[in-house]
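Notes for the structure review
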Amino acid sequence: MKRRTFIGTSAAASVGLLACKNGNAMELNKEKETKLKNNINHSVCYWCYGSIPLEDFLKSLNDLGVKSVDLIGPKDWPLLKKYNINSSMCNGAEISLTEGWNDPKYHETLIKNYTEMIPKVAKAGYTNLICFSGNRRGMDDAVGLQNCVDGLKQIMPLAEKHGVVIQMELLNSKVNHDDYMCDHTEWGVELCKKLGSNNFKLLYDIYHMQIMEGDIIRNIEDYNEFFGHYHTGGNPGRNEINETQELYYPAIMKAILSTGFKGHVAQEFIPTWEDKIAALKEGVTICDV
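Residues numbered from 1 in each chain as written. Predicted model: local features only at pLDDT ≥ 70, side-chain atom pairs only at ≥ 80, totals over all residues. Heavy atoms only, no water.

To continue, consider the confidence of the model for the protein chain. Interpreting fine coordinate detail is not advised for predicted regions of low pLDDT. Mean pLDDT over the protein chain works out to 91, with 88% of the residues at or above the 70 mark. Within the model, pLDDT remains below 50 along residues 1-33, and this stretch shows 2 contacts once partners closer than five positions in the same chain are excluded. (pLDDT = per-residue confidence, 0-100. Contact = heavy atoms within 4.5 Å.)

Here is the structure:
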C-alpha cells in the first residue's frame, strides 16, 4: 500500500473511531443528564405548559424521567395511562378558586361534585384530589373555617372509604389571588385538625407561602404532617426556580426529604425560556437532591 493511501485510510479510520467515541460519550452524557435520583417524586403542573399539546408534553416527560403530572381531569386520564404518567393531583370537582368550601351556598354543588369524583379518582388508581377554600367576601376567617369543616365533613367518609386524599391548596392573597381565605399555613393546619382525617391534607405551595409568610423550611419542619403535596415557583415572578429568584430550592427539598415525605413535588413555575421543556428540566434537576 502506498504511504499516502495508508495515511489517508488511517486518518479516515481515526476520525471514524473518534466520531464513534464522541457519539458514545454524547449518548452517555445525555443518559447521565436525564437520569434522576428520584429521592423526590417529581411532578409538573401542565397548565404552565398549556401551549404544548398534552400528548407532546407527556412524551417530553417520559424523556425527562418525570413520571407524574398535576391538575389533569378525567377526560385526559386515558392519555396519561398511554404514556404511563401518573395523575399526582387530580382536579375537576372544584367550582373555582374563589367559590369554595368556606361558603355554605356552594356546599350542595361541591358535595355533589366530590361525591361523583372521588370514586372516579380511586377507580383510575389515583390518590389526590384538589379543593379550594374560596374567597372571604367580608367573611370572618373563623366563620369560614367552620363552614369548611361543616361542608368537607360530608365528603370525608367517602374519601376515606376510597383511599382518596382531599387536598386544599394554600394560595397567596397578596399578589395573585386577592381575598382568598386559605392564605396562611396556620389557618390550613387548624382546618386539618378540626377535620381530624388522614385523608385531608394541605397542598403547600412554596411560592405562595413565601409571599404570605416566608419561613418556608421552618414551616415544613413544624407542620409537615399536614402537608400532602408541594408546588414550586420562583419568587418574585413565579418563573424559573434558579438563581434569578430568592428561594434556594435544594435546601427546601432537603428539608422536605428530612421529614420522610413520600408524596409529590410538582413544578408550578411559568417558564420564560423559549424552550419550555429545557426550563422544566432545569427545575426538576435543581429539586433532584
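What follows is about the pattern of salt bridges. Following the criterion strictly, the structure yields 7 salt bridges and no others. Residues Lys75 and Asp76 are paired through a salt bridge, measuring 3.2 Å at the closest nitrogen-oxygen approach. Judged by its relative accessible area of 71%, Lys75 is exposed. A salt bridge links Arg136 to Asp183; the nearest nitrogen and oxygen atoms lie 3.0 Å apart. Residue Arg136 is located in the loop between strand E4 (128-131) and helix H5 (141-152), and its partner Asp183 is located in the loop between strand E5 (165-169) and helix H7 (185-195); the two are separated by 47 residues in the primary sequence. The exposure class assigned to Arg136 is buried, which follows from its relative accessible area of 17%. On the basis of relative accessible area, Asp183 is assigned to the buried category, the value being 4%. Several salt bridges converge on common partners, so that one network encompasses Arg136, Asp141 and Asp183. (Salt bridge = Lys/Arg side-chain N within 4 Å of Asp/Glu carboxyl O. Buried < 20%, exposed > 50% of the residue type's maximum accessible area, 1.4 Å probe, protein only. Helix = DSSP H or I, 4+ residues; strand = E, 2+ residues; numbered from the N terminus.)

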